[in-house]
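Residues per chain are reported as follows:
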Amino acid sequence: MKANHRQALAAVIVTLLGSGTARAQGTGLGTPCVRGQFALRGYLMVCSDAGTFRYALPEDIPPAPKDGYVERPAWYPRLSEVFRTSDPPRCPTAGRITFTSPPIRVQDLLTTVPQGMMTGDHVTPIDHGYIGVKPLAKRRADRTEADFVPVSAPADAEVIEISLLGSPTSIRVVLAHGCETYSVFMVINRLSGALGYLQNELLAKQSLAPFVKVLAGEEFAEQRDNPVDFSVHDGASWLRGFVAPFSYAEGEAWKPYTVDPWQSFAPDLEEAYQATMQRLASPRWGRIDQDLPDTASGNWFLAGTLGYSGRTVDAFRSATTTLNGGPVDGKNSYSWSHLAFARHWVQPSQWVLSIGWWKDDRGDPVQWLIDLASNQPDPSQLAPASGVVVYRLRNFMISPAPPADGGPLAIGYEVIPATTVGIAAVQVNADATLTIELMPGVEDPSSFRGFSDAKRTYRR
């Protein structure tokens, strides 16, 4: 999702939360509450000493359990508070949903990009994959109306959200399947079939909460000019690889509930879809939660900011009116404050430094390959006892090379280091922070002589 998509999505979520079901009422900033109560209203809120809701701050969150967050903490919003339903399908006796119909017909599939990619202002690993469609193998100028392919519901569902992501041909659709299981489709080109009658209303209003039913296999949209962004979220699941889930309550609260969609697919569909995955390593769908305590591995946020939001802690502390998602005042991107040391999404033996502030403190996100020396710990091994480690950073290429016509990358492509773009001095601190100093344009790690005033501190 590009920056304008992310910002449009944040605005839409705030709008839908503000006009949603009765369950959403009475949990706004400054409304009455009871001591110890938390609520999600765009961002996480907590009951103040005055008995009214204010925005939650780091000091409001209880200390993490000794073994980390192996299940949802009581203060973290349930998935049903993130995705609000009206009358979803009944949960089967088995207690789980099976996707019996392909979202994209098997004959229309191209290659699929796994979740966990980092690109542009997607600094932390992306929580959805990209299902390629056959029309993308054609040059855009050669595509016609006949090239649109149907997008269908993978299981019976209630459509709880339809919204624009910055343009009329980039649409988000959220389906509630029951059992607190949701599928999310983004960058959809146009509504059709069961939802076609809502296209004009969507263009006029930007976002809808229609609460209409669709059946498994029923077409609701058409796709031609983009891959389909696809993710599945399960309220009974919890990703254990996020050291500080509070950071995601401040922007994308569904993240810890993200699951591998293949576990929901009927076996024959799972096999057909897995065959299109660019990533050959297990898990084929990729991984987004790569935090390892007491190491550099995983996601980080600039000290003084509040998690995923990109806003300062002080902005939340002093807020007397509702803070909307999306753009951050004075910054080019919400992710200006994000940093990740994460494995490459297709070739996980390779490590990537992804950062929202490379040279410009307003935000200039980049992704560089870490060129590990033979005697250096990789980020999953870089611990406080390692001291300062200076990594050489490189641009990287893909082999086989991307098609000249802009078609999909090959399944199992290789990642090839290219030119040196700079170095990064990194230290994991005993207080669970990380210190980093970036030196763009410097090629020799021995040029680093110790941290200067240019160093930065990040927290989980």
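Residues numbered from 1 in each chain as written. Predicted model: local features only at pLDDT ≥ 70, side-chain atom pairs only at ≥ 80, totals over all residues. Heavy atoms only, no water.

## Thoughts on the sheet that holds strand 13 (residues 219-223)
Each strand in a sheet pairs with another by means of backbone hydrogen bonds, the pair being arranged parallel or else antiparallel.
Step number 1: Taken together, three strands build an open sheet; the order of strands is 6-13-10 and the sheet is antiparallel. In the strand order of this sheet, the two ends are held by strand 6 (149-152) and strand 10 (190-191), each with one partner.
Step number 2: As defined by bridge partners, strand 10 adjoins strand 13 across two bridges and the pair is classed as antiparallel. The residue bridging R190 from the neighbouring strand is E222, located in strand 13. (Pairing = 2+ DSSP bridges. Helix = DSSP H or I, 4+ residues; strand = E, 2+ residues; numbered from the N terminus.)

## Notes on the nonpolar core
The nonpolar side chains of soluble globular proteins are, as a tendency, buried together.
Step number 1: Counting 44 residues, the largest nonpolar core has Y76, F83 and F246 as the members making the most contacts within it.
Step number 2: Counting residues per element, this core draws most heavily on strand 2 (residues 43-47), at five residues.
Step number 3: Dropping the residues within four chain positions of it, Y76 is found in contact with W238, P245, Y248, A249, E252, A253, P256 and Y257.
Step number 4: The next biggest cluster of nonpolar side chains, apart from the first, holds 41 residues, and it includes V149, V151, A153 and L191. (Core = buried A, V, L, I, M, F, W, Y, C linked by side-chain atoms within 4.5 Å. Buried < 20%, exposed > 50% of the residue type's maximum accessible area, 1.4 Å probe, protein only. Contact = heavy atoms within 4.5 Å.)

## A few points about the pattern of salt bridges
Step number 1: Following the criterion strictly, the structure yields 21 salt bridges and no others.
Step number 2: When the shortest N-O distance is used, the salt bridge between D49 and R35 registers 3.3 Å. With D49 in the loop between strand 2 and strand 3 (53-55) and R35 in the loop between helix 1 (3-18) and strand 1 (38-41), this residue pair connects regions lying 14 residues apart in the sequence.
Step number 3: Note on R35: relative accessible area 74%, which makes it exposed.
Step number 4: One salt bridge in this structure joins R143 and D225, with 3.0 Å as the shortest N-O distance. (Salt bridge = Lys/Arg side-chain N within 4 Å of Asp/Glu carboxyl O.)

Treat this as a map of the structure, not an account of what it does.
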